[in-house]
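# An overview of the molecular structure
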Amino acid sequence: MICFNEKNKTFHLTGKRFSYIFYVNAAGFLQNVHYGAKVEEGDIAYLIAHRAKSHAPNPDSMNCDMALNEMPSEFSPYGRGDYREPTAIVLRRDGARMSRLRYVSHKIFDGVPEVKGMPHARGGGRTLAVTLKDDCSSLETILHYTVWDESDVLVRNAEYVNAGKESVVLEKAYSFCCDLPEGDYSLLRLWGHWARERYPETVPLGHGVTRLQSLRGASSHQMNPFTALLAKDCAEEHGECYGVQLIYSGSFALTAEKSPVDTVRLQGGIQDIGFSMQLGGGETFVTPQAMLTYSDEGTGGMSRSIHDFIREQIVRPDCVYRRRPILVNNWEATYFDFDNEKLFAIIDEAARLGIDTFVLDDGWFGKRNDDRSGLGDWFVNENKLQGGLKTVIDRCKKNGLKFGLWFEPEMISEDSDLYRAHPDLAIKKEGVKPVCGRHQLVLDFTRKEIVDHVFGVVSKVLRENDISYVKWDMNRNITEVYSAALPPEKQGEFMHRYILGVYDLAERLTAAFPHVFFEGCAGGGGRFDAGSLYYFPQFWTSDDTDAYERTKIQWGTSYAYPLSAMSCHVSVCPNHQTQRSTPFETRGVIASLGATGYELDLSKMSQEDKEKTKAQIAAYKEIDELVLKGDLYRLSNPFENNYFCEMLVSKDKNKAYVAGERAHGCPCDYDKTLRLYGLDEKKIYFIRELDITASGKALCTAGLNFPRLPDFGGWVWHVEEVH
């Protein structure tokens with residue numbers, strides 16, 4: 001709901017459990033009054049009179065704008081008295097950059113504003129659009145706020161309009177600014193590396209600016225476009241916190257600035273380092289959307305709100321609750337070394353085990369026998385696959401399996417027919433030897449004709465073959481930030497234009513082939529973000545498939561993304577990334593906490609493991625609806641404890657699924673208590689594996705003992721309400 005009070009010029013936005021309040025103060029600036037737990041409409045006048053006005057600039061004072069430095073603002077200008085990080089910087093022809101943006105008008109309407117060419121919240125809700133005019137230039141800024149009655153997520157972005165005739169240059173154009181009251185906050189971030197993505201790290205928020213960012217042209221393995229501010233004493237299931245994440249997959253920045261008086265400014269959007277956007281007279285620039293989430297139920301409550309929002313408003317509606325394919329991927333089974341017979345052996349065994357989809361990974365095209373050649377040549381290598389893809393697809397059909405295929409559409413190998421014919425398609429600067437990553441270059445997706453070409457060749461493969469699943473990979477980041485097709489004054493737009501090209505291709509392919517289920521991948525989880533999930537309902541969580549390491553990766557990922565978005569596979573041991581051996585049962589347990597599958601040579605498995613695979617698949621089908629729709633409760637943190645444990649609970653709290661792993665054998669840790677605090681305390685439950693009947697209150701408060709398990713032992717409990 002959005003209400004505007006004409007008398008005190010106040011905007012009151014509410015969601016399921018939060019209020020967001022700001023007003024137009026006497027000087028014409030947008031000043032934040034409250035963001036947090038719901039406030040009654042009748043209390044707003046009190047908040048303005050006794051809290052907000054002490055920070056408001058006095059329009060009659062010569063020093064009016066100097067008060068901006070401590071005013072809780074909805075948009076921070078540059079060069080007019082606010083010395084904190086600005087939300088935007090606009091350069092004019094005379095070299096001036098100062099801005100002073102004040103309220104002009106607003107409108108309230110149903111739905112979400114269009115964000116052309118970018119992923120966005122899909123619909124519903126109600127939107128407030130507030131127009132600000134710069135006293136110092138021709139710039140107008142429209143701030144968008146969208147709320148949903150049944151969600152604790154507030155979506156924001158900004159539209160920058162050059163209302164004059166002379167061109168201006170945006171040197172910084174963030175999506176939002178949110179000033180929070182003074183507090184002893186901690187900052188949660190998700191950092192990582194290849195095979196170690198999205199590790200959670202919580203640190204006290206110190207004074208000054210804390211900056212999370214990627215300069216890689218992708219949201220990256222190293223830093224996810226998500227952060228949270230945790231109030232003092234905030235924990236998993238209690239306390240206040242604020243989550244922020246971008247619906248964007250390119251280079252980004254998120255900043256948290258703690259002032260000398262302990263107030264905190266959260267901002268973010270497109271990475272401003274190296275960025276510039278030229279706006280001619282009448283032109284506009286729309287920024288990516290950002291999701292802001294408030295929770296007074298700890299980080300667990302924050303995560304559950306985010307998960308629901310991503311499922312309901314971000315993921316493709318036709319895919320979000322569709323039963324996920326249970327697949328086998330041949331990558332770790334064969335790598336590049338395969339032929340018809342090797343693939344047939346895996347396909348035949350997959351059918352016997354109950355797997356429903358076979359995915360052919362890298363190496364099926366061009367002259368692709370290693371990672372040094374072939375990218376860009378999207379035609380079948382018939383020296384490897386006698387009879388082409390049709391023979392493999394026919395073998396799948398004979399066994400009742402669907403067929404999936406791997407692409408890396410954004411890349412090109414120097415050793416490829418495409419590069420030899422058109423070397424100018426790659427990102428590079430004439431006279432400068434380009435940097436190779438994984439022996440490949442990146443196609444210049446800022447150029448529409450290149451995106452059109454890739455759409456054409458990939459579409460041809462999808463049209464001519466019965467393909468139901470596509471794995472879209474991206475195995476290196478951008479180095480040369482330059483396009484030969486852009487004039488000098490537009491080179492600062494390169495990184496953003498690149499990701500718009502990626503979005504254009506993804507939009508066109510998913511629209512042209514709606515029957516195909518698209519999975520995202522980026523050298524593992526290097527572009528795992530809400531922007532990617534708009535096109536790809538699930539993402540390859542990490543190239544690290546080790547059942548112990550995955551507990552940490554999946555735990556961290558779950559702070560900002562639902563389990564249904566995580567691809568989780570059982571792989572061979574010793575594990576290819578860590579050389580660790582874990583029980584086959586445990587690998588299945590951890591892989592069940594997401595879209596499950598297998599990443600190994602099924603034909604080489606022991607008969608015992610084959611029988612276990614059949615049992616795992618049957619068991620997964622029993623709980624996959626909880627993976628798709630359930631509420632997640634993180635019960636035991638593998639970064640802090642010897643045990644990892646998560647629980648999925650149905651929305652009606654009639655059933656739950658508990659899955660966990662004990663890391664290492666150590667004495668005297670068996671009698672520790674595990675509380676199932678996501679259950680309904682008033683209901684009676686039966687735990688199948690333990691043959692225990694108990695009230696939800698007993699299970700939430702007294703709990704259960706952790707099971708006695710060997711190193712890397714895994715377990716599951718099925719919990720059902722007793723009627």
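Before any of the text, the structure's been laid out above.
Heads up: these notes are all about the structure in this document. (Residues numbered from 1 in each chain as written. Predicted model: local features only at pLDDT ≥ 70, side-chain atom pairs only at ≥ 80, totals over all residues. Heavy atoms only, no water.)

Turning to the overall build of the protein, a few remarks are in order. Each helix and strand in the protein was counted, giving 13 helices and 38 strands. Computed over its C-alpha atoms, the radius of gyration of the protein comes to 27 Å, within 12% of the 27 Å expected for a compact globule of 723 residues. When its C-alpha atoms are laid out on the principal axes, the protein stretches across 85 × 70 × 40 Å. Across the protein, contacts joining residues at least 24 apart in sequence account for 69% of those joining residues at least 6 apart. In the form shown here, the protein has an accessible surface area of approximately 26500 Å², with 50% of it arising from carbon and sulfur atoms. A distance of 1 Å separates the average location of the 84 positive side-chain charges in the protein from that of its 101 negative side-chain charges. (Helix = DSSP H or I, 4+ residues; strand = E, 2+ residues; numbered from the N terminus. Rg over C-alpha atoms; globule rule 2.2 N^0.38 Å. Contact = heavy atoms within 4.5 Å. Areas by Shrake-Rupley, 256 points an atom, 1.4 Å probe, with all protein chains shown as cover. Lys, Arg positive; Asp, Glu negative; His and termini not counted. Charge placed at Lys NZ, Arg CZ, Asp CG, Glu CD.)

On to the sheet that holds strand β3 (residues 18-24), then. In spatial order, the strands read β1-β2-β3-β4; together these 4 strands make up an open sheet with antiparallel pairing. Either end of the sheet is taken by a strand with one partner, and the two such strands are β1 (2-5) and β4 (30-37). Recorded for the sheet is a direction-independent mean angle of 15° between the axes of neighbouring strands. Pairing geometry for strand β2 (residues 10-14) and β3, over 5 bridges, is antiparallel. Each residue of the ladder has a partner; that of Leu 13, found in β3, is Tyr 20. (Pairing = 2+ DSSP bridges. Axes fitted to C-alpha atoms, helices over the stretch in contact; angles between N-to-C directions.)

What follows covers the nonpolar core. Counting residues in each nonpolar core, the largest one holds 176 residues, and the members touching the most others are Leu 13, Tyr 160, Phe 358, Leu 360, Trp 364, Phe 403 and Leu 602. Considering every element that reaches this core, the biggest residue donor is helix α8 (residues 494-512), with 9 residues. In this view, Leu 602 contacts Val 328, Ile 346, Glu 349, Ala 350, Leu 353, Ile 355 and Lys 610; residues no more than four positions away in its chain are not counted. Listed in part, the 22 residues of the second largest apolar core include Leu 635, Ala 694, Leu 699 and Leu 704. (Core = buried A, V, L, I, M, F, W, Y, C linked by side-chain atoms within 4.5 Å. Buried < 20%, exposed > 50% of the residue type's maximum accessible area, 1.4 Å probe, protein only.)

The next thing to look at is the pairing of strand β33 (residues 655-662). Regular strands show a simple pattern: their side chains alternate between the two faces of the sheet. In terms of residue burial, β33 counts as a mostly covered element, since 7 of its 8 residues are buried. Relative to β33, strand β32 (residues 643-649) runs antiparallel, the two sharing 7 bridges. Its bridge partner being in β33, Phe 644 is matched across the sheet by Glu 661. The hairpin formed by β32 and β33 contains 5 residues between the paired strands, and Lys 653 there has a positive phi angle of roughly 60°. For β33 and strand β38 (residues 713-721), the ladder comprises 8 bridges, and the chain directions are antiparallel. Looking at β38, one finds that Tyr 657 is bridged to His 718.

At a minimum axis distance of 10 Å, the contact between helix α11 (residues 584-591) and helix α12 (residues 607-629) shows a crossing angle of 25°. In terms of axis orientation, α11 runs roughly parallel to α12. As α11 packs across α12, the resulting crossing turns out to be right-handed. Side by side, α11 and α12 meet where Phe 584, Glu 585 and Gly 588 of the first sit next to Asp 609, Lys 612, Thr 613 and Gln 616 of the second. Taken together, the residues of the contact of α11 with α12 sort by class into 1 nonpolar, 3 polar and 3 charged. (Parallel < 35°, antiparallel > 145°, perpendicular 65-115°, else oblique. Left-handed = near helix turned anticlockwise from the far one by under 90°. Nonpolar A, V, L, I, M, F, W, Y, C, P; charged D, E, K, R; others polar.)

Take the sheet that holds β32 next. Taken in spatial order, the 6 strands line up as β31-β32-β33-β38-β35-β36 in an open sheet, and their pairing is antiparallel. Where the open sheet ends on each side, the last strands, each with one partner, are β31 (631-636) and β36 (692-695). Taken over all neighbouring pairs, the strand axes of this sheet differ in orientation by 20° on average, direction set aside. The pairing of strand β35 (residues 684-687) with β36 spans 4 bridges and is antiparallel. Looking across to β36, one finds that Tyr 685 is bridged to Ala 694. Strands in contact with α11 are β32, β33 and β38; relative to β38, the strand with the most contacts, it is inclined by about 50°.

Following Cys 573, the chain continues to Pro 574 via a peptide bond in cis, the omega torsion being -5°. Along the chain, Pro 574 falls in the loop between β29 (566-571) and α11. For Arg 198, which is not glycine, the phi dihedral falls at a positive 55°. Looking at the secondary structure, you find Arg 198 in the loop between β11 (186-191) and β12 (199-204). Not every positive phi belongs to a glycine, and Gln 579 is a case in point at roughly 65°. One can find Gln 579 in the loop between β29 and α11. Of the residues examined, Gln 579 reaches a relative accessible area of 57% and is grouped as exposed.

Turning to the pattern of salt bridges, a few remarks are in order. For the coordinates displayed, the defined rule picks out 57 salt bridges. A salt bridge links Lys 490 to Glu 493; the nearest nitrogen and oxygen atoms lie 3.4 Å apart. A relative accessible area of 0% means that Glu 493 is categorised as buried. Between Arg 497 and Glu 493 there is a salt bridge, and its shortest N-O distance comes to 2.8 Å. Among the charged side chains, a network of salt bridges with common partners joins Asp 65, Arg 80, Arg 100, Arg 102 and Asp 135. (Salt bridge = Lys/Arg side-chain N within 4 Å of Asp/Glu carboxyl O.)

Another point: α8. Here α8 is 19 residues long and its end C-alpha atoms lie 27 Å apart, about the 27 Å a rise of 1.5 Å per residue gives. Turning to α8, its buried residues are Phe 494, Met 495, His 496, Tyr 498, Ile 499, Gly 501, Val 502, Tyr 503, Leu 505, Ala 506, Leu 509 and Thr 510. (Expected span 1.5 Å × (residues − 1).)

The final tally for this structure, using the stated rule, is 40 aromatic pairs. Both rings, one in Tyr 20 and one in Tyr 145, keep their centres 5.9 Å apart while their planes meet at 55°; by these two values the pair is tilted. Placement of Tyr 20 in strand β3 and of Tyr 145 in strand β8 (residues 139-147) is noted, with a sequence separation of 125 residues between them. Tyr 145 matches Tyr 20 in its accessibility class, with the two residues each being buried. Here the aromatic rings of Phe 358 and Phe 403 are separated by 6.4 Å at their centres, their planes lie at 35°, and the arrangement is tilted. Here Phe 358 is found in strand β22 (residues 357-360), whereas its partner Phe 403 is found in strand β23 (residues 402-407), with 45 residues between them in sequence. Three or more aromatic residues joined by ring pairs make a cluster, and in this case those are Phe 4, Phe 11, Phe 18, Tyr 20, Phe 22, Tyr 35, Tyr 103, Tyr 145, Tyr 242 and Tyr 294. (Phe/Tyr/Trp six-rings, centres within 6.5 Å; stacked < 30°, edge-to-face > 60°.)

Throughout the structure, instances matching the rule amount to 0 disulfides. Cys 177 provides the cysteine sulfur closest to Cys 178, a residue in no disulfide bond, and the two sulfurs are 7.3 Å apart. (Disulfide = S-S within 2.5 Å.)

Another point: the side chain of Ser 571. Position of Ser 571 among the secondary structure elements: in strand β29. In this structure the side chain of Ser 571 is engaged in a polar contact, spanning 3.4 Å, whose partner is the side chain of Asn 575. Beyond its immediate sequence surroundings of up to four residues, Ser 571 is in contact with Glu 332, Thr 545, Arg 587, Glu 599 and Leu 600. (Polar contact = N/O pair within 3.5 Å; in protein donor to acceptor, adjacent residues only side chain to side chain.)

In contact at an axis separation of 9 Å, helix α4 (residues 340-353) and α12 are set at 55° when each is read in the N-to-C sense. Here α12 runs oblique to α4, going by the angle between their axes. In this structure, α4 contributes Glu 349, Arg 352 and Leu 353 to the contact, and α12 contributes Lys 610, Thr 613, Lys 614 and Ile 617. For the contact of α4 with α12, the class distribution of residues is 2 nonpolar, 1 polar and 4 charged.

This part takes up the environment of Gly 520. Note on placement: Gly 520 falls in strand β27 (residues 517-520). In sequence terms Gly 520 and Met 566 are 46 residues apart; their C-alpha atoms lie 10.0 Å from each other. In this view, Gly 520 contacts Trp 472, Phe 536, Gln 538, Phe 539 and Trp 540; residues no more than four positions away in its chain are not counted.

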